[in-house]
Amino acid sequence: MKLKKYDSINVIPFIDVLLVLLAIVLLTSTFITRGIIPISLPEASNANTLKANKEIIIVIRDDGTLFCNNNIEGLKNIEEHILQFPKDTPIHINSDKNSKFEIFVSVLDMLKRYEYSNISIVTEK
């Protein structure tokens, strides 16, 4: 029995598998960028309201201006806003690398004064 010699490789099944993998990656990447998967929740008459443990995002710009959740400006206003949240609320500090360290320390000092402990500093990898 003589073996047949193949001059070419059939790549069509390989391309089919790659297209399926590409579709899966594109679908999951839209869920990752949004951070949520859109769903339509059913209604119930005896449902309890869920208390969401929101994150607080503090932004320190290079010119020294402070923002909290993109709409509250100034250290005093941020201080009043943060006191409405429980002590275990996650707080993320986004500080520009060219901002003054003194402003960063004043934000940390304010958070430590009110005993907030779930603080993280956001950096780039």
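What counts and what doesn't
- Residues numbered from 1 in each chain as written.
- Predicted model: local features only at pLDDT ≥ 70, side-chain atom pairs only at ≥ 80, totals over all residues.
- Heavy atoms only, no water.
- UniProt positions renumbered as here; feature names shortened; annotations may be inferred.
- Core = buried A, V, L, I, M, F, W, Y, C linked by side-chain atoms within 4.5 Å.
- Buried < 20%, exposed > 50% of the residue type's maximum accessible area, 1.4 Å probe, protein only.
- Helix = DSSP H or I, 4+ residues; strand = E, 2+ residues; numbered from the N terminus.
- Expected span 1.5 Å × (residues − 1).
- Arc of directions from axis to C-beta.
- Contact = heavy atoms within 4.5 Å.
- Phe/Tyr/Trp six-rings, centres within 6.5 Å; stacked < 30°, edge-to-face > 60°.
- Lys NZ or Arg CZ within 6 Å of the ring centre and 35° of its normal.

- The name recorded for the protein in an unreviewed UniProt entry is Biopolymer transport protein ExbD, from Arcobacter cloacae.
- UniProt annotates the protein under Subunit (unreviewed entry) with the comment "The accessory proteins ExbB and ExbD seem to form a complex with TonB."
- Turning to the protein, the UniProt record has this under Function (unreviewed entry): "Involved in the TonB-dependent energy-dependent transport of various receptor-bound substrates."

1. Some remarks on the nonpolar core
In step 1: Of all hydrophobic cores here, the largest spans 17 residues; its most connected members are Ile56, Ile58, Ile60, Ile78, Ile82, Val107 and Leu111.
In step 2: Contributing elements (two or more residues each) for this core: β1 (56-60), β2 (66-68), α2 (75-82), β4 (91-95) and α3 (101-113).
In step 3: No other element matches α3, which puts 5 residues into this core.

2. Quick look at α3
In step 1: Taking 1.5 Å per residue, 13 residues should reach 18 Å; α3 reaches 18 Å between its end C-alpha atoms and fits that length.
In step 2: Here α3 has its buried residues at Ile103, Phe104, Val107, Met110 and Leu111. End-on view of α3: buried residues confined to an arc of 125°, all on one side of the axis. Opposite its buried face, α3 presents the exposed residues Phe101, Glu102 and Lys112, each directed more than 90 degrees away.
In step 3: Buried positions along α3 lie against β1, β2, α2, β4 and β5 (119-121).
In step 4: Following α3 by one or two positions, Glu115 adopts a phi angle in the positive range, close to 60°.

3. Quick look at the packing of aromatic side chains
In step 1: Inspection of every chain in the model, using the stated rule, returns 1 aromatic pair.
In step 2: Here the guanidinium or amino end of Lys87 rests over the ring plane of Tyr116, the centre of that ring lying 4.9 Å away.

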